[in-house]
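Here is how the chains run, residue by residue.
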Amino acid sequence: MNNKVNVRFAPSPTGVLHIGSVRTALFNWLYARHNNGNFFLRIEDTDKLRSTDENTKLIFKILEWLQINWDGEPVIQSSRMDRHKEVALDLVARGKAYYCYCTPEELASKKEYCLRENKPYKYDGKCRNGNTNHDLNIKPVIRLKSELDGFTVVNDMVQGEVKVNNSQLDDLVLIRSDGTPTYMLSVVVDDHDMNITHVIRGDDHLTNTFRQIQIYKACGWDIPKFGHIPLIYGPDGAKLSKRHGAASAIDYMQLGYLPEAISNYLLRLGWSHGDEEIITRENAIKWFDFNSVGKSPSRFDMAKLQNLNAHYIKERNNESLLEYALPFFKCELTEENKKNILKGMNSLKERAKTIVELADSSLIYVKAPEIYDDKCSKYATSNHLELLREIITKLNNAEFSTNEEELCNSIKEFANLRNVKLVEIAQAIRGALCGKLASPSVFEIISIIDKEETIKRLNSFVDHYSK
Ligand code: GLU
Ligand code: ZN
C-alpha cells in the first residue's frame, strides 16, 4: 500500500446540505491538499425514500461554488449494494457474521422488557451460535459477530484517545431482512474499497466509529485514522438550525455571502493559526493540520461572518463583483447600467456587507427611486425644496457642472451663500437621487448618472413633496 492520504466527504442527500457539513468537506479537502493526497466525494444515497436528486445536485453546486474540488468521479453509494452484500456474505462464510431469525416483535418485546427494568437494551445474541429452531418463513437479517471482551480504542485526531468496553457493543445488523445493506456496513466497505486513510467527519459519528471498527476487524482490513470534528452550534448553544437564521449552505449563498468569506469563516470556526483571521486559500492549505482543531463545540457568529464578507467584497475586483452580483438584481441590467455601476463600484463595495446589499445599493445606477424612505421627509421641507429648485436651474443653465469635484465646490459655495449647512443640501439631494439617506457621495453619483437623470430625479422629489 502506498501511504498517500485519501479522504472523502460522504454527505447523505436526504436534506439540503448543512453549513456544518460544508465545514466537514472543507477540513477534508484542506487535509488532502495539504498532504498532496486525494479528496473523494461519495454520495450516501442508500436511504432511497429520503434522498433526492435535487439535494445531490445541491451538494455538487455548493462544493463547486466553494471551489472544493474532488478527485475522480463521485462514488454513488447505492450503486455498490451488491458489493456490500458480498462482503456480508463473505463474513458469514468465514464465521464472522451470522443469520439472525429473531422477529421484529420478539426484539420489540425484549426491548420493552429492558425499558421496564431500566436496563440498557442490546441484542442478546440468541442466534449468534446458530438458530435452527426458527420459522422457515422468516427472512433473516445478517448480524456481525462483535467482539465480546476487551476494548475498542480510537486514537482520534481531534478527540484524542476514546475507548469503549466491547461488552457495550451489540451484534449490529449488516444486512436487513429485505436484503439491503445497512449504513454501518456500506460506509466501511466503501471506505475500504476507496482506500480511505483518514475518516474526517462530525463528532456525532463517534459512536458509529466503535461499531465500524468491529466491521473492519472482522473483515481483516486496515483501520483508517479518524478525526471527529465538533459540530456547529448557534449562539444559544443548540445545534445550528434554521431557527438561528440560516443553517443550510444554499441559504448563505442566497443571502449574498462570497464563497471565500464562507470558507475563511468555516475554517476559523474550530481551527486556528495564531491570531490570523484573514486566511487565503493558499495559506489555509499550507497551514492546515489537526493539531489546531479544537475539541469544543463551535458557535456560529453571524457578525463575524459579515465582517469577513465585507472584507472579501472589498478585496474582489470590480468586474468580478459585478459579475457575481448580477443574479442578485431583480431586474435586467443594460450595458449602460453595468458601466455606471462599475464606475461607482469602488464606493459601493466599501459599504456592502453582503452581495444582496451591494446589488441593492447599486440600483441607484439603474433607476430612479420608486419610493422615498420616511426619513427623507426631514430633508424635504419647503426650504429644502427651494434649494433643490435652485440647483435644478443651475444645472439646467450649466452654471453647475456634473464633474464630481467641480460640483462639490459649487454646492459648497452655494450652501455658504444661502447660509445653510452643506449636509442639509447633500441629504436632500441624496434623498432625491437614492430614495434613502445612505449612499456614496452624491457628487460621485451625479457625475455618474449625469445631468439629465439628476435633474429628473430632483424634479420628482420636489414634485413628490410639494403636493
Ligand atoms: N453520510 C453521513 C452523513 O451525512 C456521513 C458518513 C460519514 O462521514 O462517515 O452524516
Ligand atoms: Zn436472532
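So, a few notes on the structure that sits alongside this text. Remember, it's a predicted structure, so these values are computed and weren't measured experimentally. (Residues numbered from 1 in each chain as written. Chains lettered and ligands numbered in written order. Predicted model: local features only at pLDDT ≥ 70, side-chain atom pairs only at ≥ 80, totals over all residues. Heavy atoms only, no water.)

1. Looking at the nonpolar core
Right, on to step 1. Counting 104 residues, the largest nonpolar core has Ile62, Leu266, Phe300, Ile391 and Ile429 as its most contacted members.
Right, on to step 2. At ten residues, the largest contribution of residues to this core is made by helix α17 (residues 442-466).
Right, on to step 3. Not counting residues up to four positions away in its chain, the partners in contact with phenylalanine 300 are Ile19, Ile232, Tyr233, Pro235, Leu240, Tyr252, Tyr265, Leu266, Leu269 and Leu305.
Right, on to step 4. Grouped together as the second largest cluster of nonpolar side chains are 30 residues, Val87, Ala97, Val154 and Val189 included. (Core = buried A, V, L, I, M, F, W, Y, C linked by side-chain atoms within 4.5 Å. Buried < 20%, exposed > 50% of the residue type's maximum accessible area, 1.4 Å probe, protein only. Helix = DSSP H or I, 4+ residues; strand = E, 2+ residues; numbered from the N terminus. Contact = heavy atoms within 4.5 Å.)

2. What about helix α8 (residues 259-268)?
Right, on to step 1. Counting buried positions along α8 yields nine of ten residues, so the element is predominantly enclosed.
Right, on to step 2. Immediately downstream of α8, the backbone of glycine 270 shows phi near 100°, a positive value.

3. Things to note about the pattern of salt bridges
Right, on to step 1. Tallying each qualifying case throughout the model produces 31 salt bridges.
Right, on to step 2. The salt bridge involving lysine 367 is made with glutamate 370; its shortest N-O contact spans 3.7 Å.
Right, on to step 3. Three or more residues joined by partner-sharing salt bridges are found here, namely Arg8, Arg42, Glu44, Arg80, Arg83, Glu86, Asp190, Asp191 and Asp193. (Salt bridge = Lys/Arg side-chain N within 4 Å of Asp/Glu carboxyl O.)

4. A closer look at the coordination of the zinc ion (ligand 2)
Right, on to step 1. Those donors, Cys100 (SG), Cys102 (SG), Tyr123 (OH) and Cys127 (SG), are the protein atoms that reach the zinc ion (ligand 2), and they lie 2.1 to 2.3 Å from it.
Right, on to step 2. Relative to the metal, the four donor atoms surrounding the zinc ion (ligand 2) lie at angles of 99 to 122°, and the coordination shape comes out tetrahedral.
Right, on to step 3. Each donor residue of the zinc ion (ligand 2) belongs to the same chain, and together they define the spacing C-x1-C-x20-Y-x3-C.
Right, on to step 4. Since its relative accessible area comes to 4%, tyrosine 123 is described here as buried. (Donors = N, O, S within 2.8 Å, 3.2 Å for Na, K, Ca; no water. Tetrahedral: all angles 85-135°; square planar, octahedral: opposite > 155°, others 65-115°.)

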